[in-house]
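A look at the structure
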Amino acid sequence: MKKVLLILINSILLSIGNCGGPLIMRLYFIHGGKRVWLSSFLETGGWPIILFPLTITYFHRRATQGPNTKLFFMKPPLFIASAVIGILTGLDDYLYAYGVKRLPVSTISLIIATHLGFTATFAFLLVKQKFTSYSINAVVLLTIGAGVLALHTSNDRPEGESIKDYIAGFFMTLGAAALYGFVLPLVELTYKKAKQTITYSLVMEFQMVMCLFATLFCTVGMLINKDFKAIPREGREFELGETKYYVVMVLSAIIWQCFFLGVVGVIFYASSLLSGIVIAALLPVTEILAVIFYQENFQAEKGVALALSLWGFISYFYGEIKNSKKKKHTLDTEIPQTPNP
């Protein structure tokens, strides 16, 4: 019962981040925000929040294991790996934020859904993930879905935006999906190569270091682009008011950390499969919320892309479930039965 409750809590955190993150980021751009590097920074800038659960787990260990318990478990090789992945995450944040600035949320969600195809490809290359007919079917369907959106851009452009900017946003978002699809298997590879036991506390430490370096990467971009100097002026000119400008930024940082904490929590207490299922199930929710809050158009091509994306997700996860059951059955048959005396 306790495990079920923890899975539920982490699924709620994941849901808040997955649906709320792109919506509040788009809110910033719609009402006068123009800083892509600042938005990128906010995606991981809330990393100090992770210190809170880490502190709780430390004092829990200290109470049960004594005062000699370690404060941090991460060893130097894992720290370096998480730092490198963090820099890649920072680049991914920038690509994603650029797309959010140029595209409607409903379109972004559908393009980001193609990360599953990239994940399958890079998982095959990095961790020798085997392809099945179901995963191949999912990759094809998601690719076709992105193609449908790419061929019908004229009716989806926000008012006042050029075709050139829209196309740039489309391909930057697609690049974010590809890079995200590379980072996930890279994290899995890092866990496999780590010469230490992976615990939930260590996963949170990994996530914190990764977010820290992603934030540092985006901070460099902000310094070069002079975003820090522009923040006070942009706040005064924000259409919703200066106070709400800073509220939007704080909420953005908090909501995105909910996403990261939710993902690692669901993976640790259940599986990456369940984490993917939760994200997949939230795709139509994000679409609906974008239409409700931002009155975004939902043309026929988006409906087709959404149907293809959901079909791809269902195909992929059905194959994973079937493969998992097959492995379990094989393992059960290989275990010799102990004869009764």
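Just above, that's the structure.
Residues numbered from 1 in each chain as written. Predicted model: local features only at pLDDT ≥ 70, side-chain atom pairs only at ≥ 80, totals over all residues. Heavy atoms only, no water.

**Some remarks on the nonpolar core**
Nonpolar side chains tend to gather and get buried jointly when the protein is soluble and globular. Judged by nonpolar contacts, the single largest core of 41 residues is most densely connected at L14, M25, Y28, L38, Y96, Y245 and F259. Elements with a minimum of two residues in this core: α1 (2–30), α2 (36–44), α4 (76–102), α5 (105–112), α8 (163–193), α9 (200–224), α11 (242–269) and α12 (272–294). Here the element with the most residues in this core is α11; it accounts for 10 residues. The contact partners of Y96, leaving out residues within four places of it in the chain, are P22, M25, E43, I108, I112, A176 and W256. (Core = buried A, V, L, I, M, F, W, Y, C linked by side-chain atoms within 4.5 Å. Buried < 20%, exposed > 50% of the residue type's maximum accessible area, 1.4 Å probe, protein only. Helix = DSSP H or I, 4+ residues; strand = E, 2+ residues; numbered from the N terminus. Contact = heavy atoms within 4.5 Å.)

**Looking at the side chain of T69**
By secondary structure assignment, the location of T69 is in the loop between α3 (51–65) and α4. When neighbours within four sequence positions are excluded, T69 is seen to be in contact with Y58, R61 and R62.

**Points about the pattern of salt bridges**
Counting across every chain of the model gives two salt bridges. Among the ionic pairs, D227 bridges to R35, the shortest N-O distance being 2.9 Å. Residue D227 is located in helix α10 (residues 227–237), and its partner R35 is located in the loop between α1 and α2; the two are separated by 192 residues in the primary sequence. Since its relative accessible area comes to 0%, D227 is described here as buried. Judged by relative accessible area, which is 18%, R35 ranks as buried. (Salt bridge = Lys/Arg side-chain N within 4 Å of Asp/Glu carboxyl O.)

**Some points on the packing of aromatic side chains**
The tally for this structure, following the rule as stated, stands at 15 aromatic pairs. With 5.9 Å between their ring centres and 80° between their planes, F79 and F213 make a pair best called edge-to-face. On the criterion of sequence distance, the pair formed by F79 in helix α4 and F213 in helix α9 is long-range, its members being 134 residues apart. Given the relative accessible area of 38%, F79 is considered partly exposed. Since its relative accessible area comes to 22%, F213 is described here as partly exposed. Each ring, one from W256 and one from F259, has its centre 6.2 Å from the other, and the planes form 80°; the classification is edge-to-face. You can see W256 and its partner F259 sitting in helix α11, three residues apart, about one turn around the helix. (Phe/Tyr/Trp six-rings, centres within 6.5 Å; stacked < 30°, edge-to-face > 60°.)

**What about the packing of α4 against α8?**
Two elements in contact, α4 and α8, have axes separated by 7 Å at closest approach and are oriented at 160°. Taken as axis vectors, α4 and α8 run roughly antiparallel relative to one another. Of the two possible hands of crossing, α4 and α8 adopt the one that is left-handed. Tallied by class, the residues present in the contact of α4 with α8 amount to 19 nonpolar, six polar and three charged. (Axes fitted to C-alpha atoms, helices over the stretch in contact; angles between N-to-C directions. Parallel < 35°, antiparallel > 145°, perpendicular 65-115°, else oblique. Left-handed = near helix turned anticlockwise from the far one by under 90°. Nonpolar A, V, L, I, M, F, W, Y, C, P; charged D, E, K, R; others polar.)

**A few points about the packing of helix α6 (residues 115–126) against α8**
Remark: α6 packs on α8, axes separated minimally by 8 Å, with the N-to-C direction vectors making an angle of 40°. Classed by the angle they form, the pair α6 and α8 counts as oblique. Judged by the sense of rotation from one axis to the other, the crossing of α6 with α8 is right-handed. Facing α6, whose interface residues are H115, F118, T119, F122, A123 and L126, α8 presents L174, A177, A178, Y180, G181, F182, L184, P185, L186 and L189. Looking at the contact of α6 with α8, its residues break down into 13 nonpolar, three polar and no charged.

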